[in-house]
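Tertiary structure, described
The chain contents come next:
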Amino acid sequence: MAQLVKKDDDRDEEAEYSPFLGIEKGAVLQEARVFNDPQLDPRRCSQVITKLLYLLNQGESFTKFEATDVFFAVTKLFQSKDIGLRRMVYLMIKELSPCADEVIIVTSCLMKDMNSKTDMYRANAIRVLCRIIDGTLLTQIERYLKQAIVDKNPVVASAALVSGIHLLQTNPEIVKRWSNEVQEAVQSRAALVQFHALALLHKIRQNDRLAVSKLVTSLTRGTVRSPLAQCLLIRYTSQVIRESSNSNQTGDRPFYDYLEGCLRHKAEMVIFEAARAITELNGVSSRELTPAITVLQLFLSSSKPVLRFAAVRTLNKVAMTRPLAVTNCNIDMESLIADQNRSIATLAITTLLKTGNESSVDRLMKQITNFMSDIADEFKIVVVEAIRSLCLKFPLKYRALMNFLSNILREEGGFEYKKAIVDSIVILIRDIPDAKESGLLHLCEFIEDCEFTYLSTQILHFLGNEGPKTSDPSKYIRYIYNRVILENATVRASAVCTLAKFGAMVDSLKPRIFVLLRRCLYDSDDEVRDRATLYLNTLGGDGAVVETDKDVKEFLFGSLDIPLVNLETSLKNYEPSEEPFDINSVPKEVKSQQLAEKKAAGKKPSGLGAPPAAPASTVDTYEKLLSSIPEFSNFGKLFKSSAPVELTEAETEYAVNVVKHIFDGHVVFQYNCTNTIPEQLLEDVSVIVDASEAEEFSEVAVKPLRSLPYDSPGQTFVAFEKPEGVTAVGKFLNVLRFIVKEVDPTSGEAEDGGVEDEYQLEDLEVVAADYILKLGVSNFRNAWESMDPDTERVDEYGLGPRESLAEAVGVVINLLGLQPCEGTEVVPNNARSHTCLLSGVYIGNVKVLVRLSFGIDGRKEVAMKLAVRSDDISVSDAIHEIVASG
């Protein structure tokens, strides 16, 4: 019910507004009093219910009192015999989702309707009842639902089957008893009944692989008439084929003949579903794939846009892994470039870019040039990414493709679109050496008119790293200095930094750079002046004695090992004194959160004029806490503290989570406990830890909690010793032990006597990632190249079948516990290869950099190449051991 503002673009004066425009909840609730009138007006009541439904669907919240009031008023409308109003009543009851007490009131009316002679009443009453009742009431109406499943009226049967699908999530045992009736409904001649019956029958058997296989075997013999049910059956057949191919090594593919037979079905949806299923089979051969591609090729010339779109999208996916199989469709797809539907045209172009050969590049570029002005930015981004892939595929064609990217970069477009083009040019510069100089010039020309500050600063940063390495760095200076003169303060500051990088790397340009930096000393912005002064001092432009060239380059090009958020927080907390600021005191963990973050979140903010205090580092807070406990004071410096791990479910009597504190030779478990029962006081609280499945750990200290009153969090600790510097792993079983005392609710005093009790907690694991601290680097490439190549260890691993590359990347990142760099944890949709960059600190304060290269084949098997560099070659080996054992 979206608001309709204009009926036609050419007739601005004729505005058509939504009838719900400007309605308020209070006014509608007042109108709802018409439900109580002795003489009901069905039309008026239906209008009020429509408004209430609109408010509910727009996210308007009703208080408990308001919802109950409306619910009771709506139930009075059952006395009306108006069919239209009755349907609105059904909708309203479903949306209000009444509580258990209210359900009883309306159940009798709904059960009466469920046995009515009016089929519309019966169908809707079934849907509503199944939506609002619980398992106890469901058993009372189960007999009626079974009868409804095999009812002659398809509307009633479908309502019962759809209700069964929903009920299977909450009351599976009851629904599974309906199998005989559902099987009978699968043989129905009504298309929707057969569709819903098959869906429910599969859901009932989905956890039994053999039962699903038998179901598919029996139904593929031709008993399914409904096209919708046929589409479902094709999907279930594909599932059986995939599962059987995983366990069957003989290469046989059962049911393939059925899928191929569906390609000759009279219904287009069945034909397409079968073709798509065949293209998605793992390890499908060219002979098996050809019939499906032929059918999809015919759909490309269909008069129906939906068929053309479905076909070209499927062929686009096939082209990612089997481009040669789609080549025969290129002529048909070229005709789709001019399709009125821009989604179809975009998919056609991106598919052609994947399947085309080197000789067709120039022709495609001409067609795309005319096409780009007619599509939205989101489609342009897809085309740009396809062009980037094509350029990497045919590097000799970089000039034509780079010129194309440069031309569209100067046209109108939004930020995301421009960023996609800039990112593509940057990737081409890095991967195709011959494209470096022309690509950098294209970027320089773009920032002359760039309206996006972020893109300008990123280009300048990249230019500072790559420009000095070209054959003629001097030609870029004019573009950079123009930014100092013409841009805003943020870009001017970035340009000053880029000039300094050229001065550090190119000795012949130093005098010119000094002159330009001195001019920047008179800039109106403090940041620009400060940077110019800093770089002149660093490079020696003011006559000062400078550090060595190596130190200067490390300062300008090296990565900052400290998160900027933490540095900012520490600088704000620093009080000026004779003692200089120590950058080594800045915490290196990625996130800085207060220990009592949850409690602080509920407190009111401080008053105006009093800025909130900067959050203390979690590690600092934990370190102070642990060092104040005598049992742990000699464990040395705390390396890492984990995020809290929940050991109890929500809303239980006792809430317990644990923080793992990692030292070189010890691990301390801090159990944060909360008593949620007002009538109880817990004393002598401790956690009994069974470390039998963690052989390298030995318990050395326990610090119990003396008292744990209601809603007052407390901590108990258990410490373990482990081999120093070793990434020992294991599982720990936990039991909360305490003495419970009853509390008098009137006086608040606890009883003298108490009862010893225990509470089972979840198991806890110490994993390899606990010994690695996340720490990002601002420039991964420079950090990688600055590390000793002799410490590099490279190996390849098979990760087995995965749903996507994104899943594989996430698994490895979680396994290693390192910080993703430069946004490389994000995998583009449908990517077949990806590189992910990680960094961090290994226990013992050893810096680690990891480069992961992933690839996925047509069978969704993922391979990974792992390259590691670190300050210690043994740590590089340890990272490989973690992956090999993970």
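The next subject is the overall build of the protein chain. A count of helices and strands for the protein chain gives 37 helices and 17 strands. When the backbone C-alpha atoms are referred to their principal axes, the protein chain occupies close to 100 × 90 × 70 Å. In the protein chain, buried positions account for 48% of the 886 residues. In the protein chain, 63% of the contacts between residues at least 6 apart in sequence involve partners at least 24 apart. A total of about 45,200 Å² of accessible surface is found on the protein chain, and carbon and sulfur atoms cover 50% of it.

This brings us to the pairing of strand β8 (residues 714-721). With six of eight residues buried, β8 is to be regarded as a mostly interior element. Where strand β4 (residues 666-675) and β8 come together, eight bridges link them in antiparallel fashion. Residue pairing across strands places H666 opposite E721, the latter belonging to β8. Strand direction decides the pairing type here: strand β6 (residues 698-703) and β8, joined by five bridges, are antiparallel. The residue of β8 that forms the bridge with V702 is V718.

Right, let's get into unusual backbone geometry. With phi around 55 degrees, D711 is a residue other than glycine that occupies positive phi space. With respect to the helices, strands and loops of the structure, D711 is situated in the loop between β7 (705-708) and β8. With a phi close to 55 degrees, E822 is a non-glycine residue in the positive phi region. Relative to the elements of secondary structure, E822 occurs in the loop between β14 (819-820) and β15 (833-842). You can call E822 partly exposed: its relative accessible area is 44%.

We now examine the pairing of strand β17 (residues 861-870). Counting buried residues along β17, seven of its ten residues qualify, which places the element largely inside the surrounding structure. As defined by bridge partners, strand β13 (residues 793-801) adjoins β17 across eight bridges and the pair is classed as antiparallel. Each residue of the ladder has a partner; that of V794, found in β17, is A867. In this sheet, β17 lies alongside strand β16 (residues 846-856) in antiparallel orientation, the contact comprising nine bridges. Residue pairing in the sheet places G855 in a bridge with A863 of β17. Count of turn residues in the β16/β17 antiparallel hairpin: four residues, of which K860 carries a positive phi of about 65 degrees.

Turning our attention to the environment of L708. Tracing the backbone through its elements, the reader meets L708 in strand β7. L708 sits in the buried class, given a relative accessible area of 1%. Residues L708 and D119 lie 589 residues apart in sequence; the distance between their C-alpha atoms is 61 Å. If we skip the residues at most four places from it in the chain, L708 touches C673, T674, N675, L681, L682, V685, P713 and G714.

The next point concerns the environment of L307. By the element assignment, L307 lies in helix α17 (residues 305-321). As for L307 and E31, which are separated by 276 residues in sequence, their C-alpha atoms are 48 Å apart.

Take the environment of V702 next. With respect to the secondary-structure elements, V702 resides in strand β6. Along the backbone, V702 and V689 are 13 residues apart, and their C-alpha atoms lie at a distance of 9.9 Å. Here V702 is in contact with F717 and V718, once residues within four sequence places are set aside.

Let us look at the packing of aromatic side chains. All told, the structure shown has 16 aromatic pairs when counted by the stated rule. Seen in terms of ring centroids, F415 and F452 are 5.5 Å apart; in terms of plane orientation they differ by 70 degrees. Their pairing is edge-to-face. With a gap of 37 residues between them, F415 in helix α24 (residues 415-431) and F452 in the loop between α25 (436-447) and α26 (453-466) connect regions that are remote in the sequence. An aromatic cluster is present here, built from F669, Y671, F697, F720 and F732 joined pairwise through their rings. Its guanidinium or amino end placed over the ring of Y144, R143 lies 4.7 Å from that ring's centre, counting from NZ or CZ.

A word on the pattern of salt bridges. Overall, the coordinates contain 32 salt bridges when judged by the stated rule. A salt bridge links D119 to R122, with the shortest nitrogen-to-oxygen separation between them at 2.9 Å. Here R122 and D119 lie together in helix α6 (residues 119-132), a separation of three residues that amounts to about one turn. Residue D119 is classed as partly exposed on the basis of its relative accessible area of 30%. Look at the salt bridges and you will find they share partners, linking R235, E273, R276 and E280 into a network.

Let us look at the packing of helix α28 (residues 489-505) against helix α29 (residues 510-520). A pair of packed helices is captured by two measures, namely the crossing angle of their axes and the spacing between those axes. Contact pair α28 / α29: the axes reach a minimum separation of 9 Å and the direction vectors enclose 155 degrees. With respect to each other, α28 and α29 are oriented roughly antiparallel. In this structure, α28 crosses over α29, and the sense of that crossing is left-handed. Counting all contacts with α28, which are made through V496, L499, F502 and G503, the residues of α29 involved are K510, I513, L516, L517 and C520. For the contact of α28 with α29, the per-class residue count stands at seven nonpolar, one polar and one charged.

Confidence in the prediction of the protein chain, expressed as mean pLDDT, is 82, and 90% of residues score 70 or more. Under a pLDDT of 50 for its full length, residues 1-15 has, in the predicted model, 14 contacts with residues more than four places off or in other chains. Ignoring residues within four places in sequence, the model shows residues 590-616, a span with pLDDT below 50, making 24 contacts including any to other chains.

Thresholds applied
- Residues numbered from 1 in each chain as written.
- Predicted model: local features only at pLDDT ≥ 70, side-chain atom pairs only at ≥ 80, totals over all residues.
- Heavy atoms only, no water.
- Helix = DSSP H or I, 4+ residues; strand = E, 2+ residues; numbered from the N terminus.
- Buried < 20%, exposed > 50% of the residue type's maximum accessible area, 1.4 Å probe, protein only.
- Contact = heavy atoms within 4.5 Å.
- Areas by Shrake-Rupley, 256 points an atom, 1.4 Å probe, with all protein chains shown as cover.
- Pairing = 2+ DSSP bridges.
- Phe/Tyr/Trp six-rings, centres within 6.5 Å; stacked < 30°, edge-to-face > 60°.
- Lys NZ or Arg CZ within 6 Å of the ring centre and 35° of its normal.
- Salt bridge = Lys/Arg side-chain N within 4 Å of Asp/Glu carboxyl O.
- Axes fitted to C-alpha atoms, helices over the stretch in contact; angles between N-to-C directions.
- Parallel < 35°, antiparallel > 145°, perpendicular 65-115°, else oblique.
- Left-handed = near helix turned anticlockwise from the far one by under 90°.
- Nonpolar A, V, L, I, M, F, W, Y, C, P; charged D, E, K, R; others polar.
- pLDDT = per-residue confidence, 0-100.

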